[in-house]
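Structural characterization, general
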Number of protein chains: 2
Amino acid sequence: MTATEQDQFNSVDYNDPMVNRILDAGEQCIHRFGIRRTAMGEVARVGKLSRGSIYRYFADKEALVSGVFQRRQALYLNRTEAALEKLPTLVDKLTHSVVSGRQDMAEGIFASLAETEPETVAMMFLEPSFYQRSVSFWPPHIELAKREGEIGAAIDIETATDFIMRLAVSLVTFPDMGLNLKSRKDIRRYLQQVVSRGLG
Amino acid sequence: MTATEQDQFNSVDYNDPMVNRILDAGEQCIHRFGIRRTAMGEVARVGKLSRGSIYRYFADKEALVSGVFQRRQALYLNRTEAALEKLPTLVDKLTHSVVSGRQDMAEGIFASLAETEPETVAMMFLEPSFYQRSVSFWPPHIELAKREGEIGAAIDIETATDFIMRLAVSLVTFPDMGLNLKSRKDIRRYLQQVVSRGLG
DNA sequence: AAATATACAAAAAACGATTATTGTTCATTC
DNA sequence: GAATGAACAATAATCGTTTTTTGTATATTT
């Protein structure tokens with residue numbers, strides 16, 4: 001078995017128009033009916049392609065579903081990455097991630113799924129792999145903040161990444177944990193404090 | 001309606017032996033069969049009391065179930081409170097909370113429920129009220145740390161409480177967020193860093 | 001070479017009938 | 001006065017059956 005064959009279902013090629021047609025149709029169906037009530041035949045009908053083609057690109061329904069969400073996440077990370085480049089500080093970047101993360105949860109496929117299958121959304125949120133995919137996202141920004149002197153030179157990248165991700169995940173998943181951080185301004189002030197000085 | 005009648009199902013009296021017999025039986029059933037497969041009749045049988053008595057103390061099955069978990073949480077908070085008194089610093093206290101929180105999740109009613117009804121556990125974890133009950137737990141410890149000079153005098157209690165709780169919840173719920181904080185020593189070092197200095 | 005269409009057994013969902021559980025009431029017992 | 005036990009309609013779970021969907025294979029089309 002070659003490396004390409006081995007990876008055929010693991011890494012999805014977002015340049016392949018067929019892949020995107022399938023994912024588009026899949027996302028549309030999940031958005032409208034939820035995961036449980038989405039049949040592969042319906043995805044095929046919506047995407048105007050054959051059921052067989054779907055199985056050529058995705059091992060099974062679970063792979064398709066996870067493909068839909070992974071593409072969403074990749075899209076979020078790409079959009080965020082682009083936006084972060086224009087922001088001066090790590091705190092600004094983190095603030096932006098939290099605000100746009102909340103937006104995504106409130107309006108897209110997550111919001112509709114949360115209504116029809118809240119348990120599924122809850123399971124996804126607690127799935128470690130859901131966050132692990134973002135672990136490689138932050139280090140470059142942290143290194144930059146380190147060079148610029150925004151954060152301490154002694155901090156190791158792994159610790160900083162872990163901390164930043166915990167803050168982001170926590171603030172997106174639990175908007176109110178005693179404090180009610182609603183506005184971008186409030187979120188930024190809070191993050192400025194805890195990131196740069198902790199409680200010290 | 002008097003205040004007592006009004007509160008009869010809201011606040012549970014843990015001194016009432018009947019209440020505890022019901023909660024004991026309920027917890028035992030949930031532990032063995034899960035929530036869905038636990039019938040009120042079975043709880044009555046296990047607790048050696050009548051079904052009617054249960055409904056005298058708990059409005060419905062949902063109230064009983066939430067009563068079981070609230071008692072567990074109260075127990076956890078009481079045990080933790082006692083343990084924290086002996087610990088010198090806020091960081092030590094937080095470390096202890098995380099370690100014992102993880103233990104509770106790994107062995108008690110949560111662990112068994114996670115096997116039979118993972119979606120239910122996931123939903124509970126994401127339920128804001130699950131954490132809101134602990135909001136009043138931390139402020140005294142934070143005020144003390146402030147007086148002792150462990151944390152800054154300028155920090156307001158609400159911000160510090162929010163931050164401490166986010167760290168605790170995050171570290172219990174997601175053991176590994178890039179960094180794999182396993183031992184008490186590792187957890188303590190991590191918390192020492194982020195609580196006292198953030199990334200500065 | 002990739003997409004389609006069809007066929008197929010195995011697995012899962014939908015359905016309707018049956019049984020169990022819930023939540024309430026009230027007379028009886030402790 | 002509180003706990004019990006029995007009765008009850010309404011609701012929810014279970015069960016066996018039917019129907020749909022899944023995942024695979026293969027011949028056919030683009």
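Residues numbered from 1 in each chain as written. Chains lettered and ligands numbered in written order. Predicted model: local features only at pLDDT ≥ 70, side-chain atom pairs only at ≥ 80, totals over all residues. Heavy atoms only, no water.

**Some details on the protein's contact with DNA strand D**
Put simply, the rule is: Proximity criterion: a residue is near a molecule or strand once any of its heavy atoms comes within 4 Å of it. Between N or O atoms, a polar contact is any pair within 3.5 Å; within protein, one atom must be a potential hydrogen donor and the other a potential acceptor, and residues adjacent in sequence are included only when both atoms are from side chains. For the purposes of this entry, the term helix denotes a DSSP run of H or I that reaches at least four residues, the term strand denotes a run of E that reaches at least two, and both are numbered from the N terminus. Each residue gets one label: Ala, Val, Leu, Ile, Met, Phe, Trp, Tyr, Cys and Pro are nonpolar, Asp, Glu, Lys and Arg are charged, and the others, such as Gly, are polar.
Taken together, 18 residues surround DNA strand D, and among them A:Met40, A:Arg51, A:Tyr55, B:Ser53 and B:Tyr57 come closest. Within 4 Å of the protein, the contacting atoms of DNA strand D are drawn from sugar and phosphate to the extent of 69%. For DNA strand D, a phosphate oxygen lies 2.9 Å from a polar atom in the side chain of B:Tyr57. Taken together, the elements giving at least two residues each to the surface near DNA strand D come down to helix 3 (40-47) and helix 4 (51-57) of chain A together with helix 4 (51-57) of chain B. Considering only residue class, the surface near DNA strand D consists of seven nonpolar, four polar and seven charged.

**Some remarks on the protein's contact with DNA strand C**
Around DNA strand C lies a shell of 18 residues, among which A:Arg37, A:Ser53, B:Met40, B:Arg51 and B:Tyr55 are the nearest. When the atoms of DNA strand C within 4 Å of the protein are sorted by group, sugar and phosphate make up 68%. Residue B:Arg51 places a side-chain N or O atom 2.8 Å away from a base oxygen belonging to DNA strand C. In this structure, a phosphate oxygen belonging to DNA strand C sits 3.1 Å away from a main-chain N or O atom of B:Lys61. Of all the secondary structure elements, the ones that give two or more residues to the surface near DNA strand C are helix 4 of chain A together with helix 3 (40-47) and helix 4 of chain B. Ranked by residue count, the leading element in the surface near DNA strand C is helix 4 of chain A, at four residues. Tallied by class, residues from the surface near DNA strand C come to seven nonpolar, four polar and seven charged.

**Concerning the nonpolar core**
Our working rule: Residues belong to one nonpolar core when they are buried, are Ala, Val, Leu, Ile, Met, Phe, Trp, Tyr or Cys, and are joined through side-chain atoms within 4.5 Å. Whether a residue is buried, partly exposed or exposed follows from its accessible area with a 1.4 Å probe, protein chains only, as a fraction of its type maximum: under 20%, in between, or over 50%, in that order. Should any heavy atoms of two residues lie within 4.5 Å, those residues are considered in contact.
Ranked by internal contacts, the top residues of the largest apolar core, which has 121 residues, are A:Leu191 and B:Leu191. Setting aside its immediate chain neighbours within four residues, A:Leu191 contacts A:Val91, A:Leu94, A:Thr95, A:Val98, A:Leu167, A:Leu171 and A:Ser196.

**Here we look at the interface of chain A and chain B**
What counts here: Values labelled buried area give the accessible surface lost by two parts on being combined, using a 1.4 Å probe and summing over both. Throughout this description, the term salt bridge denotes a Lys or Arg side-chain nitrogen within 4 Å of a carboxyl oxygen of Asp or Glu.
Taken together, the contacts link 41 residues of chain A with 41 residues of chain B. For the pair chain A and chain B, the two sides together bury roughly 3,700 Å², of which 72% comes from carbon and sulfur. When the area that chain A buries against chain B is broken down by residue, the three leading residues are A:Arg166, A:Met177 and A:Leu199, summing to 25%. The interface formed by chain A and chain B includes zero salt bridges. At the surface where chain A touches chain B, the tally comes to 20 residue pairs in polar contact (both at pLDDT 80 or more). Breaking the side of chain A that touches chain B down by element, the ones donating at least two residues are helix 8 (118-126), helix 9 (128-132), helix 11 (157-173), strand 1 (176-177) and helix 12 (184-197) of chain A. For the side of chain A that touches chain B, the class distribution of residues is 25 nonpolar, 10 polar and six charged.

**Remarks on unusual backbone geometry**
The backbone of A:Lys48 sits at a positive phi, close to 55 degrees, despite the residue not being glycine. Within the fold, A:Lys48 resides in the loop between helix 3 and helix 4.

**Describing the relation of the copies chain A and chain B**
Defined as follows: Least squares is the method for superposing the copies, and the C-alpha atoms it fits come from residues with pLDDT of at least 70 in both.
The two copies are related by a screw motion: chain A maps onto chain B through a turn of 180 degrees and a shift of 0.0 Å along the axis, at an RMSD of 0.0 Å. This pairing of chains is accounted for by a two-fold axis. By C-alpha distance to the rotation axis, the residue of chain A lying nearest is A:Gly198, at 1.9 Å. Residue by residue, 100% of the interface of chain A is reproduced at the interface of chain B, so both copies engage with the same surface.

**Points about the domain arrangement of chain A**
All names here are of chain A. Put simply, the rule is: Segmentation into domains, and thus their bounds, comes from an automatic or database assignment.
Split by domain assignment, chain A resolves into domain 1 (13-69) and domain 2 (87-200). Computed from C-alpha coordinates alone, the two centres of domain 1 and domain 2 are separated by 30 Å. Listed by partner, the interface residues are eight residues for domain 1 and nine residues for domain 2. Scanning the region where domain 1 abuts domain 2 turns up three residue pairs in polar contact (both at pLDDT 80 or more). At the level of secondary structure, the elements contributing two or more residues to the side of domain 1 that touches domain 2 comprise helix 2 (17-33) and helix 5 (61-85).

**Quick look at the side chain of B:Gln73**
Residues and elements named next belong to chain B. Within the element layout of this structure, Gln73 appears in helix 5 (residues 61-85). Given the relative accessible area of 10%, Gln73 is considered buried. Leaving out residues up to four positions away in the same chain, Gln73 has contacts with Phe130, Arg133 and Ser134.

**Structural notes on the packing of helix 11 of chain A against helix 12 of chain A**
Residue and element names in this part refer to chain A. Defined as follows: Axes, fitted as lines to C-alpha atoms, cover a helix only where it is in contact. Angles between the N-to-C directions of the axes lie from 0 to 180 degrees. For this classification, under 35 degrees means roughly parallel, over 145 means roughly antiparallel, 65 to 115 means roughly perpendicular, and everything else is oblique. Two helices crossing with the near one rotated counterclockwise from the far one by less than a right angle form a left-handed crossing, whereas a clockwise rotation gives a right-handed crossing.
Relative to each other, helix 11 and helix 12 sit at 155 degrees, their axes nearing to 12 Å. Considering the angle they form, helix 11 stands roughly antiparallel to helix 12. Note on packing geometry: the crossing formed by helix 11 with helix 12 is right-handed. Between helix 11 and helix 12, the contacting residues are Phe163, Ile164, Leu167 and Leu171 on the first element and Tyr190, Leu191, Val194 and Val195 on the second.

**Points about helix 7 (residues 109-116) of chain A**
Every α-helix carries 3.6 residues per turn, so stepping three or four residues along brings you back to the same face. Within the span of helix 7 of chain A, buried status applies to A:Ile109, A:Phe110, A:Ala111, A:Ser112 and A:Leu113. Those residues of helix 7 of chain A that are buried lie in contact with helix 2, helix 5, helix 6 (90-107), helix 8 and helix 9 of chain A.

**Structural notes on the environment of B:Arg32**
As for its placement among the helices and strands, B:Arg32 is situated in helix 2 (residues 17-33). Classification of B:Arg32 by relative accessible area gives exposed; the value is 52%.

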